[in-house]
Amino acid sequence: SEGAVRALLRAVGAEVPGGHVTRTRIDGDVETPGAPVTVSIAIAAEWGHPLQELADAVRTEALDALVRHTDLTVAAIDVTVDELYADPTGKDPS
């Protein structure tokens, strides 16, 4: 189901250090095995982490999880950073 795919994407985002998933959108038919879908993931990034590297890591992990756990044909995964936040400990990650 689409809800299960969204939960999977949020879990993947939680595994990547330096950010977390804030929103997901799936365009296409997730109920039909093999149907092409486009996945959009918005993330919040911790200040000081390289944004492109973070987005690439989320994209790679998301594709890995989708291939491993679903029958979806992923046409594209778009990752955008829509929020920045400070490390709650006050440490500079650089």
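Residues numbered from 1 in each chain as written. Predicted model: local features only at pLDDT ≥ 70, side-chain atom pairs only at ≥ 80, totals over all residues. Heavy atoms only, no water.

Trainee: Kindly report on the pattern of salt bridges, identifying the contributing residues and their values.
Mentor: Evaluation of the coordinates by the stated rule reveals 4 salt bridges. Across the salt bridge formed by E2 and R6, the nearest N and O atoms sit 2.9 Å from each other. In this pair, E2 and R6 are both assigned in helix 1 (residues 2-15), 4 residues apart and thus about one turn of the helix distant. The partly exposed category is assigned to R6, whose relative accessible area is 27%. A salt bridge links D27 to R25, with the nearest nitrogen and oxygen atoms 3.2 Å apart. (Salt bridge = Lys/Arg side-chain N within 4 Å of Asp/Glu carboxyl O. Helix = DSSP H or I, 4+ residues; strand = E, 2+ residues; numbered from the N terminus. Buried < 20%, exposed > 50% of the residue type's maximum accessible area, 1.4 Å probe, protein only.)

Trainee: Got a sec to walk through the sheet that holds strand 1 (residues 19-27)? Specific residues and values, please.
Mentor: One open sheet holds the 3 strands; their spatial order is 1-2-3, and the pairing between them is mixed. The open sheet has two free edges, formed respectively by strand 1 and strand 3 (73-85), since each of these has just one partner strand. The mean inter-strand angle of the sheet, taken between neighbouring strand axes irrespective of direction, is 20°. Pairing geometry for strand 1 and strand 2 (residues 36-46), over 8 bridges, is antiparallel. From the neighbouring strand, D27 faces strand 2, where its bridge partner is T38. Packed on one face of the sheet, helix 2 (residues 51-69) meets strand 1, strand 2 and strand 3 and runs near 140° to strand 3. (Pairing = 2+ DSSP bridges. Axes fitted to C-alpha atoms, helices over the stretch in contact; angles between N-to-C directions. Contact = heavy atoms within 4.5 Å.)

Trainee: Can you break down helix 1 residue by residue, with the values?
Mentor: Three or four residues apart is the spacing at which side chains of an α-helix point the same way, because the helix has 3.6 residues per turn. Between its terminal C-alpha atoms helix 1 stretches 20 Å, which fits the 20 Å expected from 14 residues at 1.5 Å a residue. Along helix 1, the residues classified as buried are V5, L8, L9, V12 and G13. Each buried residue of helix 1 lies within a common arc of 135° when the element is viewed along its axis, so the set occupies one face. Those residues of helix 1 hidden inside the fold are in contact with strand 1, strand 2 and helix 2. (Expected span 1.5 Å × (residues − 1). Arc of directions from axis to C-beta.)

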